[in-house]
Amino acid sequence: MNTPSELKYTKDHEWIKIEGNVATIGITDFAQGELGDIVYVDVDTVDDDLNGGDVFGSVEAVKTVSDLFLPISGKVIEFNSELEDQPELLNSDPYGNGWIIKLEVAEGADHSELLSAEEYQAIIG
């Protein structure tokens, strides 16, 4: 199971990479493995200010649909448009080309719920 140490994680199986005040967010390798073949990614929250824990979109796999939860508060500033034609990037490259959104991190956003790679590994076993 691939869990890059430079990223932070959530109990809901999203990863987040914060650079300055912009965060890139996607789903973990574990999550894509549990979902199976991903056929559609729906994000209609671009330009929305959301709180940590809010649903920012969903991922549809062959057998299920799963909500995507925002790791920290901020404004959704970009959706990875490559996912419109290639949702399978979430399966093949979840930490690279399969990123889902970019977020402008809210001032004073709470990072306390974010997990290190080691803490996340302990949760997923």
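Here the residue numbers are simple positions, counted from 1 along each chain's written sequence. Since the coordinates come from a predicted model, pLDDT governs what is reported: local features require at least 70, and pairs of side-chain atoms require 80 or more to be given and counted, while whole-chain, interface and lining totals use all residues. The basis for the side-chain values is all heavy atoms of the structure; hydrogens and waters are excluded.

Looking at the packing of aromatic side chains
Test applied: Think of it this way: a Phe, Tyr or Trp ring, Trp meaning its six-membered ring, pairs with another when their centres are within 6.5 Å, and the plane angle makes it stacked under 30 degrees, edge-to-face over 60, tilted otherwise. Secondary structure counts use DSSP, requiring at least four H or I residues in a row for a helix and at least two E residues in a row for a strand, with both numbered from the N terminus. Exposed residues in this analysis have more than 50% of their type's maximum accessible area, buried residues have under 20%, and partly exposed residues fall in between, with area computed by a 1.4 Å probe over protein chains only.
Scanning the entire structure with this criterion turns up two aromatic pairs. Arranged with centres 5.0 Å apart and planes meeting at 15°, the rings of Tyr9 and Tyr120 form a pair that is stacked. You can see Tyr9 sitting in strand β1 (residues 8-9) and its partner Tyr120 sitting in helix α4 (residues 117-124), a full 111 residues away along the chain. On the basis of relative accessibility, which here comes to 1%, the residue Tyr120 falls in the buried class. Seen in terms of ring centroids, Trp15 and Tyr95 are 6.0 Å apart; in terms of plane orientation they differ by 55°. Their pairing is tilted. Taken together, the residues Trp15 in strand β2 (residues 14-19) and Tyr95 in the loop between α3 (89-92) and β9 (101-105) connect sequence positions 80 residues apart. The class for Trp15 is buried, based on a relative accessible area of 2%. Tyr95 sits in the buried class, given a relative accessible area of 16%.

Quick look at the UniProt feature "modified residue: N6-lipoyllysine" (unreviewed entry) in the chain
For the record, the criterion: UniProt positions are given in the numbering used here, feature names are shortened, and annotations may be inferred rather than shown by experiment.
Residues annotated by UniProt as "modified residue: N6-lipoyllysine" (unreviewed entry) correspond here to Lys63. Positionally, Lys63 belongs in the loop between β6 (55-61) and β7 (65-69). In this structure Lys63 comes out as exposed when scored by relative accessible area, which is 80%.

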